[in-house]
Amino acid sequence: MNDHMILRVVGKFLIPYIMLFALYVQFHGDFGPGGGFQAGVIFASAFVIHTLLFGVRATQKIAPEWILRIVASGGVLLYAGVGVASLLLGANYLDYNVLGAYPVAGQHLGIILVEFGVGLTVTAVIMLMFFAFAARGEPEGDAS
Amino acid sequence: MIFEQLIDIFLLAFLAVISIAIVRIRNVLTAVMLFGIYSLVSASLFMLLDAADVAFTEAAVGAGISTILMLATLSLVGRDNEKPLVKKKISFLPLIIVLVTGATLVYGIVDLPPFGAADNPAQTHVAPRYIFQSMSEIDVPNLVTAVLASYRGFDTLGEVVVIFTAGIGVLLLIGGRRREEENTDE
């Protein structure tokens, strides 16, 4: 898409704001609509725009597949790890009350961590899926 | 109130029109686009039902990412496989089955409790606890987040694992590098 000057300029301009909005949705999910699932999708869509503008090889240089695989499994591990942590502290699995100094603080910490895990996994999985589709259509070694 | 009902009816009619269009259209690319519009209209309906989180997800996942993935698939398999409509013999059995099932479902509606009434079974079981005690138990203003991440935390863990498994499945099927030495000529 080398000849689409306007799309490139507008797209480049939009990408940071989309990422910022994703972070807002992620960490404001306690107070307004949103949470890990939505934030992950929005964050991944910033990379989708980058792929549409610069080609899948260029985007994969910024976000290599091996990192995405680690992030995808790391999110699930973080979520499950919060559960294990509450088990070790003597409560039921995923009972956040024991994580903080008092129950409500524990709930806040648990929800933030768990939502962050969801966001990591959703972002990485959607990017991996999109790259898998996009890289197949592109000829090998095309570095546009 | 009347105004909101008018919007409801308009959007539901729009959904019906889009569904019929998707069934009748012969071009795959147009069908994918119509699916995206369908998701967006559904998101508006969820918003009218005050389900902001669901509307958000539907707009982001249904209208956004799903459409992109379908378009990516189409760019791989080719989109100009427009098949001419084959005239088939009309068979009445499926039509009768659909009509009877539909009539049974409509008959079942009569016994349902009134829509959105406060003393419905769905509203009297766990919902009061979520509404009245979540602020003192969890102290998160967004009730949906409190239910999703804390009360139903184990369910959400399952959802994340489902997404993760789906990603693994896609990567196993079409991911990874093709061996460049063996088939350089495609």
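Per chain, residues are indexed from 1 in the order of the written sequence. Going through the entries in the order they are written, you letter the chains from A and number the ligands from 1. Only residues with pLDDT of 70 or above have their local features reported here, since the model is predicted, and side-chain atom pairs are shown and tallied only from 80 upward, although totals for entire chains, interfaces and linings are computed over all residues.

1. Quick word on the UniProt feature "domain: Na+/H+ antiporter MnhB subunit-related protein" (unreviewed entry) in chain A
Per the UniProt record, "domain: Na+/H+ antiporter MnhB subunit-related protein" (unreviewed entry) is annotated on residues 6-127 of chain A. A run of H or I in DSSP becomes a helix once it reaches four residues, and a run of E becomes a strand once it reaches two; helices and strands are each numbered from the N terminus. End-to-end, the C-alpha atoms of residues 6-127 of chain A are 25 Å apart, and along that stretch the chain is 80% helix and 0% strand. UniProt positions are given in the numbering used here, feature names are shortened, and annotations may be inferred rather than shown by experiment.

2. Overview of the interface of chain B and chain A
Throughout, a pair of residues is in contact if the C-beta atoms placed from their backbones lie within 7 Å. In this assembly, 38 residues from chain B lie in contact with 42 residues from chain A. Breaking the side of chain B that touches chain A down by element, the ones donating at least two residues are helix 3 (52-77), helix 7 (143-151) and helix 8 (153-174) of chain B. For the side of chain B that touches chain A, the element with the highest residue contribution is helix 3 of chain B, accounting for 14 residues. Considered class by class, the residues forming the side of chain B that touches chain A number 24 nonpolar, 11 polar and 3 charged. Gly falls in the polar group here, along with every residue not listed as nonpolar (Ala, Val, Leu, Ile, Met, Phe, Trp, Tyr, Cys, Pro) or charged (Asp, Glu, Lys, Arg).

3. Considerations on the packing of helix 2 (residues 36-54) of chain A against helix 5 (residues 103-137) of chain A
Residues and elements named next belong to chain A. Inter-axis angles, ranging from 0 to 180 degrees, are taken between N-to-C directions of lines fitted to C-alpha atoms, where helices are fitted over the stretch in contact. The contact between helix 2 and helix 5 brings their axes to 7 Å, and the two run at 35°. The chirality of how helix 2 crosses helix 5 is right-handed. Every residue of helix 5 that contacts helix 2 at Gly36, Phe37, Ala39, Gly40, Val41, Phe43, Ala44, Phe47, Val48 and Thr51 is listed here: Glu115, Phe116, Val118, Gly119, Val122, Thr123, Ile126, Met127, Phe130 and Ala134. When grouped by side-chain class, the residues that make up the contact of helix 2 with helix 5 number 14 nonpolar, 5 polar and 1 charged. The handedness criterion is simple: a crossing whose near helix is rotated anticlockwise from the far helix by less than a right angle is left-handed, and one whose near helix is rotated clockwise is right-handed.

4. Quick notes on the UniProt feature "domain: MrpA C-terminal/MbhD" (unreviewed entry) in chain B
In the numbering used here, UniProt assigns the "domain: MrpA C-terminal/MbhD" (unreviewed entry) feature to residues 14-77 of chain B. Helix makes up 91% of residues 14-77 of chain B and strand 0%, with an end-to-end C-alpha separation of 30 Å.

5. Re the confidence of the model for chain A
Across the chain, each position has a pLDDT score giving the predictor's confidence in that residue, from 0 to 100. Across chain A, pLDDT averages 88, with 94% of residues at or above 70. Mean pLDDT values over the elements of chain A span from 90, in helix 3 (residues 56-62) of chain A, up to 93, in helix 4 (residues 65-88) of chain A.

6. Describing the nonpolar core
If you look at the biggest cluster of nonpolar residues, it comprises 53 residues, and the most contacted ones within it are Val41, Val125, Ile126, Met127, Leu128, Phe130 and Phe131 of chain A. Going through the elements one at a time, helix 1 (5-27), helix 2, helix 4 and helix 5 of chain A together with helix 3, helix 7 and helix 8 of chain B are the ones with two or more residues in this core. Here this core takes 17 residues from helix 5 of chain A, the largest share from any one element. Domain assignment of the residues forming this core places at least three in each of domain 1 (1-81) and domain 2 (119-174) of chain B. Ignoring sequence-local partners within four residues, the contact set of Val125 of chain A consists of Ala72 of chain A together with Ile163, Phe164, Ala166 and Gly167 of chain B. Each nonpolar core reported here comprises buried Ala, Val, Leu, Ile, Met, Phe, Trp, Tyr and Cys residues connected via C-beta atoms within 7 Å. Between the buried cut of 20 or more and the exposed cut of 12 or fewer other C-beta atoms within 10 Å of a residue's own C-beta lies the partly exposed class, and all C-beta atoms are placed from the backbone. Domain start and stop positions are those given by an automatic or database domain assignment.

7. A short note on the UniProt feature "domain: MrpA C-terminal/MbhE" (unreviewed entry) in chain B
Within this numbering scheme, the UniProt entry marks residues 119-175 of chain B as carrying the feature "domain: MrpA C-terminal/MbhE" (unreviewed entry). Secondary structure content for residues 119-175 of chain B is 81% helix and 0% strand, and the end C-alpha separation is 51 Å.

8. Observations regarding the UniProt feature "transmembrane region" (unreviewed entry) in chain A
All names here are of chain A. Here, the residues flagged by UniProt with the feature "transmembrane region" (unreviewed entry) are residues 9-29, 35-54, 66-89 and 109-135. End C-alpha atoms of residues 9-29 are separated by 31 Å, and the span's content is 90% helix alongside 0% strand. Span residues 66-89 is 96% helix and 0% strand, its end C-alpha atoms 33 Å apart.

9. Topic: the domain arrangement of chain B
On domain assignment, one finds that chain B holds domain 1 (1-81) and domain 2 (119-174). A straight line from the C-alpha centre of domain 1 of chain B to that of domain 2 of chain B covers 25 Å.

10. Thoughts on the packing of helix 1 (residues 2-24) of chain B against helix 2 (residues 28-48) of chain B
All names here are of chain B. Two elements in contact, helix 1 and helix 2, have axes whose closest approach is 10 Å; the angle formed by their N-to-C orientations is 160°. Judged by the inter-axis angle, helix 1 sits roughly antiparallel to helix 2. Remark: the crossing between helix 1 and helix 2 carries left-handed chirality. Taking contact as the criterion, the partners of Glu4, Ile7, Asp8, Leu11, Phe14, Leu15, Ile18, Ala21 and Ile22 in helix 1 are, on helix 2, Ala31, Leu34, Phe35, Ile37, Tyr38, Val41, Ser42, Ser44, Leu45 and Leu48. Tallied by class, residues from the contact of helix 1 with helix 2 come to 15 nonpolar, 2 polar and 2 charged. Working rule for angles: under 35 degrees goes down as roughly parallel, over 145 as roughly antiparallel, 65 to 115 as roughly perpendicular, anything else as oblique.

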